[in-house]
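If you want the building blocks of each chain, they are given just below.
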Amino acid sequence: MAGLENILNKIIKDAEEKSQLIIKEAEEKKTSIIENREEDGRFLANKIDMIAEREREDIFKRSKSSEELKARDKILSEKNRIIDEVLDKVVEELENLSGDDFVKFLKNNLGDENLKGGTIDIPKKYRDAVEKADLGFKISDKDMKSGFVLNKDNLIYNGDFRSLVKSEREDLEKFLAEKLFS
């Protein structure tokens, strides 16, 4: 029976060696899988870090750009406020011209001979000066707040100071912006 016992011992020994080999292969496979998963995890973590960094930079750039736009808008708003203030002062100065200066203003704006003979509406405070200057216009009884309005035939020429400033506003704004802010 010794032969049978030897065969059994050999089978058991072979089975133990085979089981050791299977266990060793399984351990190697387990180690390989773990290493691969760790590498995948590091790769994904790096990818997430890169995405997060890009997002952070994008948010920072958008925030900076937004703040720069707000600052620019505030500056533009303040410049427009200053220009409005200057234009209001221009109208105020024009409304307070002396009689002689008002007559000069009329001569400069209504010097065309074709306009003579019309009726002119002017502020009461300038009537005496305009009558003395004898510019060739009939002075109406209508009282203007500022400037003048000339009526001749079918022509109405509006020389109201506020209207003049309003109609020339775009050019005046450019001129003032160059003078005030350059």
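All values derive from a computational prediction rather than experimental measurement.

Brief notes about the overall build of the chain
No. 1: Across its full length, the chain carries five helices and four strands.
No. 2: Secondary structure elements in the chain, listed N-terminal to C-terminal, are α-α-β-α-β-β-β-α-α.
No. 3: By the compact-globule yardstick of 16 Å for 182 residues, the chain is too spread out, its C-alpha radius of gyration being 48 Å.
No. 4: Based on the C-alpha atoms only, the size of the chain along its principal axes is roughly 155 × 30 × 25 Å.

Some words on the pairing of strand β4 (residues 155-158)
No. 1: The sheet contact formed by strand β3 (residues 149-152) and β4 spans four bridges and is antiparallel. Bridge assignment links V149 to a residue of β4, and that residue is N158.
No. 2: In textbook terms, the turn of a hairpin is the stretch between consecutive antiparallel strands, and for β3 and β4 this stretch comprises two residues, one of which, D153, has a positive phi near 55 degrees.

Things to note about the pairing of strand β2 (residues 138-143)
No. 1: Pairing between strand β1 (residues 119-122) and β2: three bridges, direction parallel. Looking across to β2, one finds that T119 is bridged to K138.

Here's the deal with unusual backbone geometry
No. 1: One non-glycine residue with positive phi stands out, namely D134, at about 45 degrees.
No. 2: With respect to the secondary-structure elements, D134 resides in the loop between α3 (127-133) and β2.
No. 3: Looking at D134, the relative accessible area reads 63%, which means it is exposed.
No. 4: Located in the positive-phi region is D153, a residue other than glycine, with phi close to 55 degrees.
No. 5: Summarising the element assignment, D153 is placed in the loop between β3 and β4.

Parameters at a glance
Residues numbered from 1 in each chain as written. Predicted model: local features only at pLDDT ≥ 70, side-chain atom pairs only at ≥ 80, totals over all residues. Heavy atoms only, no water. Helix = DSSP H or I, 4+ residues; strand = E, 2+ residues; numbered from the N terminus. Rg over C-alpha atoms; globule rule 2.2 N^0.38 Å. Pairing = 2+ DSSP bridges. Buried < 20%, exposed > 50% of the residue type's maximum accessible area, 1.4 Å probe, protein only.

Don't take any of this as a statement about function, it's just geometry.
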